[in-house]
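# Observations on chain architecture
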Amino acid sequence: MIMSATVAELNRITSGYPNRVVLSDLSLSIGKGDLVLIEGASGAGKSTLIRVLMAAQPITRGQGIVAGTMLPVLESSSLTRLRRSVGIVFQAPRFLPQESVLSNVALPLAIAGLPARECRAKGTRALMDVGLLAHARKKPQDLSGGEQTRLQIARALIHQPLLLLADEPFAHLDPDSAAEAEELLCTAHQRGMTILITTHRETGLAEKACRYKLENGRLSE
Amino acid sequence: MRTLHLAFKLGLGTLRSRPTLTILAVGLLALGTVVLGGLFGAIYLLRGLEGELMSGLSVEIELVAGLSEHDRTEIITHAEQWPGAEFVQYVPAEKLLDEIQHETGEDLRALFGSNPFPPIIRVQFGFADQSVLDSLTEAARQWEGVSTVAYPKKLWGEISRLMDRLTGNLGIAAFVFALIAVGLVGLCLRAQVRNRMESWEFLSLFGMSQATLNLALLSHELIVGITGGILACGILLLSTVGLSWLLLHTISFPIWFYLSICLLSIALSVLAGLFSPRRSFRF
């Protein structure tokens, strides 16, 4: 694994909720092209870590840099820039239910203000890459769990982010669907994508990844 | 353009997610605007009534006996040029006597032995405040050929004070109603946004800017405001038709009044949005 540049770096971060500290003095460095696997039990703070990296969770101490944006984010424009530089796969699939699969996959492009024609073209290609082109006109809630995860991965990659964050992407999938999702993430990593995945169970990506264990709010190798 | 489209859809989706709250927000807004519109309409009608009452009153400039026509014409010209003066009329002594005898029903010539009234110049105003009348009275007293100048100052003052007090009270009531409407509509809008908070946060996580999210909120408020405004205009229109029928007197408002009601409704809705959902709206 060659680390040519740092995509994300957290330096002694503390974060949590009013009556509970979830991440305590946590440090992490992710280089360009890295595949990082964060393992931890339920409630260990994996989702909070993802939210910190998305600047959706306030940090009470420490600082960091994600995709060139300093944490904590002080300006609205920096927040927008950060989030447009990051792709996200949610633990529980989240879509715009009234929109088609094609519109959902192209959502990051639409939000970035790309013309509709370009959104459609890139969306079609992204759906083709994950084998969902036949479902382009369906609504996302009509897809199976595995298909929804593939759709999420396609959506997270469509705008070629600097960092892909996947929060328990295999949590609710059967072994076959999990293997398909792992395959997609592995392919993206081989193409040079920087990826951070959180999981609470064994995954086939473990051999290729930098593995960390999240326990008591801190990371250990 | 795509972003604006998304923002509009998000605003519309938020409204559609809780139809009961939408109906409540629109209804409250329409009701608040109707009350406000009714109060402003009452102020408008009162001011019109004041104008009508004022045009019924007049300043009377009494002339000395035997005044030449040239001097009289000069006084008439002065009066006509006075700000707000709408109608200036010369009333000879005989005609004035006839008018007063007609009003009182008494033979005043027989009572006094001769005509006790001087010729006068009567000045009527379309719309004027007391300072204009006082300034005319003061000035006219200095004009040559004028013996005295009079107008029902006390009555005029009473009318003005009454109208001012009514307008002030109605204005305060309107302000209080506006505050209540803004508060209640704001609560409805906030409940709707909270209900769809996940969608708002979801789009924010994909990089939708705060400005675009604010646009979505604005579209949400505009839809409520416009709908509430149209409903309020409908209610006001029906009310005026009903009142006209009941009172057997046509009550109507000009088109700009209804446009103002629509704008007022939109302004209240946006104001409610500014005070309520946006305060806790940061992702």
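Residues numbered from 1 in each chain as written. Chains lettered and ligands numbered in written order. Predicted model: local features only at pLDDT ≥ 70, side-chain atom pairs only at ≥ 80, totals over all residues. Heavy atoms only, no water.

## A look at the interface of chain B and chain A
Contact with chain B, which involves 17 residues of that partner, is made by 24 residues of chain A. When chain B packs against chain A, the two sides together hide about 2,000 Å² of surface, and 60% of this comes from carbon and sulfur. Viewed at the interface, chain A and chain B are joined by four salt bridges. Of the charged contacts in the structure, one is a salt bridge between Glu-201 of chain B and Arg-51 of chain A, with a shortest N-O distance of 2.8 Å. Run the count over chain B and chain A and you get six residue pairs in polar contact (both at pLDDT 80 or more). Elements with a minimum of two residues in the side of chain B that touches chain A: helix H1 (2–17) and helix H8 (197–205) of chain B. Here the element with the most residues in the side of chain B that touches chain A is H8 of chain B; it accounts for six residues. Grouping the amino acids of the side of chain B that touches chain A by side-chain chemistry returns seven nonpolar, five polar and five charged. (Contact = heavy atoms within 4.5 Å. Buried area = accessible area lost by both parts, 1.4 Å probe. Salt bridge = Lys/Arg side-chain N within 4 Å of Asp/Glu carboxyl O. Polar contact = N/O pair within 3.5 Å; in protein donor to acceptor, adjacent residues only side chain to side chain. Helix = DSSP H or I, 4+ residues; strand = E, 2+ residues; numbered from the N terminus. Nonpolar A, V, L, I, M, F, W, Y, C, P; charged D, E, K, R; others polar.)

## So, the nonpolar core
Counting 89 residues, the largest nonpolar core has Leu-10, Val-66, Leu-165, Leu-196 and Ile-197 of chain A as the members making the most contacts within it. Once residues within four sequence positions are removed from consideration, Val-66 of chain A is found in contact with Val-7, Ala-8, Leu-53, Leu-71, Leu-82, Val-86 and Leu-163 of chain A. Within the second largest apolar cluster, 43 residues are counted, among which are Leu-15, Ile-159, Met-163 and Val-182 of chain B. (Core = buried A, V, L, I, M, F, W, Y, C linked by side-chain atoms within 4.5 Å. Buried < 20%, exposed > 50% of the residue type's maximum accessible area, 1.4 Å probe, protein only.)

## Describing the pairing of strand E7 (residues 163–167) of chain A
Residues and elements named next belong to chain A. Of all five residues in E7, five are buried, a share of seventy percent or more. Residues of E7 alternate between two faces, with Leu-163, Leu-165 and Asp-167 on one and Leu-164 and Ala-166 on the opposite face, all of them buried. Taking the sense of rotation as the criterion, the β-α-β connection linking E7, helix H7 (residues 175–190) and strand E8 (residues 195–199) turns out right-handed. (Right-handed = clockwise from strand over helix to strand, strands pointing away.)

## Some points on the sheet that holds strand E4 (residues 59–66) of chain A
Residue and element names in this part refer to chain A. Reading across the sheet, the four strands line up as E2-E1-E4-E5 and stay open at both edges, with antiparallel pairing between neighbours. Whereas interior strands pair on both sides, the edge strands pair on one side only; in this sheet they are strand E2 (20–31) and strand E5 (69–71). Ignoring which end each strand starts from, the neighbouring axes of this sheet average 10° apart. Bridge count for strand E1 (residues 6–17) against E2 is eight bridges, and the pairing is antiparallel. Directly across from Thr-6, in E2, lies its bridge partner Gly-31. (Pairing = 2+ DSSP bridges. Axes fitted to C-alpha atoms, helices over the stretch in contact; angles between N-to-C directions.)

## Quick notes on the sheet that holds E8 of chain A
All names here are of chain A. Ordered in space as E6-E7-E8-E3-E9-E10, the six strands form an open sheet in which the pairing is mixed. Both outer strands of the open sheet, strand E6 (86–89) and strand E10 (218–220), are each paired with one neighbouring strand and no more. On average, each strand axis in the sheet is tilted by 20° relative to the strand beside it, whichever way the strands run. Note: E7 against E8, four bridges, orientation parallel. By the bridge assignment for E8, Asp-167 is matched with Thr-198. Lying over the sheet, H7 contacts strand E3 (35–39), E7 and E8, oriented at roughly 155° with respect to E8.

## Here we look at the packing of aromatic side chains
This structure, assessed with the given rule, holds nine aromatic pairs over all chains. With a centroid separation of 6.0 Å and 70° between ring planes, the pair formed by Phe-90 of chain A and Phe-206 of chain B is classed as edge-to-face. With one member in each of two chains, Phe-90 of chain A in the loop between E6 and helix H3 (101–105) and Phe-206 of chain B in the loop between H8 and helix H9 (210–247) form a pair that bridges those chains. Accessibility expressed as a relative area gives 8% for Phe-90 of chain A, which makes it buried. Using a relative accessible area of 3% as the deciding quantity, one classes Phe-206 of chain B as buried. With a centroid separation of 6.3 Å and 70° between ring planes, the pair formed by Trp-82 of chain B and Trp-143 of chain B is classed as edge-to-face. Taken as a pair, Trp-82 of chain B in the loop between helix H3 (69–80) and strand E2 (85–91) and Trp-143 of chain B in the loop between helix H6 (130–142) and strand E4 (146–150) lie far apart in primary sequence, 61 residues in all. For Trp-143 of chain B, a relative accessible area of 14% translates into the label buried. Note that Arg-94 of chain A overlies the ring of Phe-90 of chain A, its terminal NZ or CZ placed 4.7 Å from the centroid. Across the ring face of Tyr-90 of chain B, the terminal group of Arg-72 of chain B is positioned such that the distance to the ring centre comes to 4.0 Å. (Phe/Tyr/Trp six-rings, centres within 6.5 Å; stacked < 30°, edge-to-face > 60°. Lys NZ or Arg CZ within 6 Å of the ring centre and 35° of its normal.)

## A few points about unusual backbone geometry
Residue and element names in this part refer to chain A. Looking along the chain, the bond that leaves Leu-71 and enters Pro-72 is cis, with omega of -5°. The topology assignment puts Pro-72 in the loop between E5 and helix H2 (76–84). Located in the positive-phi region is Ala-67, a residue other than glycine, with phi close to 50°. Following the sequence through the fold, Ala-67 ends up in the loop between E4 and E5. At Glu-168, a position not held by glycine, the phi torsion is positive, near 50°. Along the chain, the position of Glu-168 falls in the loop between E7 and H7.

## A look at the confidence of the model for chain B
Overall, the prediction assigns chain B a mean pLDDT of 85, with 96% of residues at 70 or greater. Scored as a whole, the predicted complex attains pTM 0.70, and scored at its interfaces, ipTM 0.87. (pLDDT = per-residue confidence, 0-100.)

## Here we look at the packing of H9 of chain B against helix H10 (residues 255–275) of chain B
Relative placement of two packed helices is described by the angle separating their axes and the distance separating the axes. All names here are of chain B. Where H9 meets H10, the axes come as close as 7 Å, and the angle between the chain directions of the two elements is 145°. For the pair H9 and H10, the crossing hand works out as right-handed. Class assignment of the residues belonging to the contact of H9 with H10 gives a composition of 16 nonpolar, seven polar and one charged. (Left-handed = near helix turned anticlockwise from the far one by under 90°.)

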